[in-house]
Amino acid sequence: MTTSRKRSRPAQLQPGLRRRRVPGVMAKSGMAQDPESTAAVTVLKRAVELDSESRYPQALVCYQEGIDLLLQVLKGTKDNTKRCNLRERISKYMDRAENIKKYLDQEKEDGKYHKQIKIEENATGFSYESLFREYLNETVTEVWIEDPYIRHTHQLYNFLRFCEMLIKRPCKVKTIHLLTSLDEGSEQVQQSRGLKEIEESLRSHGVLLEVQYSSSIHDREIRFNNGWMIKIGRGLDYFKKPQSRFSLGYCDFDLRPCHETTVDIFHKKHTKNI
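Residues numbered from 1 in each chain as written. Predicted model: local features only at pLDDT ≥ 70, side-chain atom pairs only at ≥ 80, totals over all residues. Heavy atoms only, no water.

## A word on the overall build of the protein
Along the protein, the regular secondary structure elements total 6 helices and 7 strands. Among the 274 residues that make up the protein, the fraction classed as buried is 42%. Surface summary for the protein: the accessible area is close to 16100 Å², and the carbon and sulfur share equals 49%. (Helix = DSSP H or I, 4+ residues; strand = E, 2+ residues; numbered from the N terminus. Buried < 20%, exposed > 50% of the residue type's maximum accessible area, 1.4 Å probe, protein only. Areas by Shrake-Rupley, 256 points an atom, 1.4 Å probe, with all protein chains shown as cover.)

Here it is as structure tokens:
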């Protein structure tokens, strides 16, 4: 039996407080006169907009970045009055960010959480480690991957890199389930051979790989038995082909340009088997 608890939104967004203005950063502090101040104003303005739209995960990131920028401005400010004004505003932004963080932590605890990441065309910094590391811990022992395109050589390498991440991370994976589509013609032999070699390599690390094929699979998703579910529009194959074998990004996927895609991250109390 599950008990539902009524959770409130972050304090400032409860009835009667939602329209309360988050303190400005320009009027009394004499900001927006140098690049650092302008950047802080821009980021914090965006944080307030996202906050008012209840887009809390994105708002938290902007608040944190804006606070860091304000702290840099504070270090370079000599006028005592301006320093006092800045400290007051930084304190209020920090209180708001902490409120949102507590709210999101409770969302995760209750199993109701959705975060969306939009990867722009040619964006970098989105390796598997960068996307997945915060959702992997010692409780992860089983992983399910549904991806129709683990077929061609570069897609098999993508899957291999994903498996390598699971082995290196603090999680203690024992079983990986892969559901994909079967390649056609002569390429089918290469696909089967590649997956067989990955299976044997994983076995040497004490991990079982179970592969199943489906002719109707379309959706792409990854699930961990700790409740996290990640849906990537392009599946694991969202990286662009490197310019050459000796170009940056060939080995380090954080430096590899990406195709445009969307990543949706959810949390559930239980995951279902494929």
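## Focus: empty space enclosed by the protein
If you walk through the whole model with that rule in mind, you get 1 cavity of 30 Å³ or more. One number sums up the size of the largest cavity: a volume of about 50 Å³. Its residues placed into classes, the lining of the largest cavity shows 5 nonpolar, 1 polar and 4 charged. (1 Å grid on protein atoms, 1.4 Å probe; cavity = no way out; pocket = protein on both sides within 12 Å on 5 of 7 lines; lining within 4 Å. Points joined across faces, edges and corners; volume = space filled by probe spheres on them. Nonpolar A, V, L, I, M, F, W, Y, C, P; charged D, E, K, R; others polar.)

## Remarks on the pairing of strand β2 (residues 142-146)
Two faces, one strand: in a regular strand the side chains alternate between the faces of the sheet. Burial analysis of β2 places 4 of its 5 residues in the buried class, which makes it a mostly covered element. For β2 and strand β3 (residues 175-180), the ladder comprises 5 bridges, and the chain directions are parallel. Bridge assignment links Ile145 to a residue of β3, and that residue is Leu178. Handedness of the β-α-β unit built from β2, helix α5 (residues 153-168) and β3 comes out right-handed. (Pairing = 2+ DSSP bridges. Right-handed = clockwise from strand over helix to strand, strands pointing away.)

## Some points on the sheet that holds strand β5 (residues 221-224)
One open sheet accounts for 7 strands, arranged β1-β7-β6-β5-β2-β3-β4; its pairing is mixed. Of all strands in the sheet, those with a lone pairing partner are β1 (113-119) and β4 (208-213), marking the two edges. Between one strand axis and the next, the sheet turns through 15° on average, direction left out of account. Bridging between β5 and strand β6 (residues 228-232) involves 2 bridges; their strand directions are antiparallel. Counted as the bridge partner of Arg223 is Met229 from β6. Helix-sheet contacts for helix α6 (residues 187-203) involve β3 and β4, and the interaxial angle to β4 is about 155°. (Axes fitted to C-alpha atoms, helices over the stretch in contact; angles between N-to-C directions. Contact = heavy atoms within 4.5 Å.)

## Digging into α6
Given a rise of 1.5 Å per residue, 17 residues ought to cover 24 Å, and the 24 Å separating the end C-alpha atoms of α6 matches this to within 8%. Those residues of α6 that fall on the buried side of the exposure criterion are Gln191, Gly194, Leu195, Ile198, Glu199 and Leu202. Looking straight down α6, one finds its buried side chains confined to an arc of 140°; they lie on one side. Facing away from the buried surface of α6 by more than 90 degrees, the exposed residues are Arg193 and Glu197. Looking at the buried residues of α6, the elements they touch are α5, β3 and β4. (Expected span 1.5 Å × (residues − 1). Arc of directions from axis to C-beta.)

## Focus: the environment of Gln191
Inspection of the secondary structure assignment puts Gln191 in helix α6. With sequence-adjacent residues up to four places away left out, Gln191 is seen in contact with Ile150, Arg151, Leu156, Thr180, Ser181, Leu182, Asp183 and Tyr213.

## What to know about the pattern of salt bridges
Taken as a whole and assessed by the stated rule, the structure comprises 13 salt bridges. In this structure, Arg223 engages Glu146 in a salt bridge whose closest nitrogen and oxygen atoms are separated by 3.6 Å. With Arg223 in strand β5 and Glu146 in strand β2, this pair connects stretches of sequence that are 77 residues apart. Take Arg223 and Glu146: they sit in the same class, and that class is buried. Here Glu221 and Arg223 are joined by a salt bridge, their closest N and O atoms 2.2 Å apart. (Salt bridge = Lys/Arg side-chain N within 4 Å of Asp/Glu carboxyl O.)

## Considering the confidence of the model for the protein
Detailed reading of the predicted model is not advised wherever pLDDT is low. The pLDDT averaged across the protein works out to 85; a share of 84% of its residues lies at or above 70. Below pLDDT 50 for its whole length, residues 1-6 participates in 3 contacts with residues either more than four positions away or in separate chains. Note that residues 13-20 has pLDDT below 50 and, in this model, 12 contacts with residues that lie over four places away or in other chains. (pLDDT = per-residue confidence, 0-100.)

## Quick word on the pairing of strand β7 (residues 261-267)
Extensive coverage of β7 is indicated by the burial of 5 of its 7 residues. Judged from the 7 bridges that link them, β1 and β7 form a sheet pairing that is antiparallel. Counterpart to Ile119 in the pairing with β7 is Thr261.

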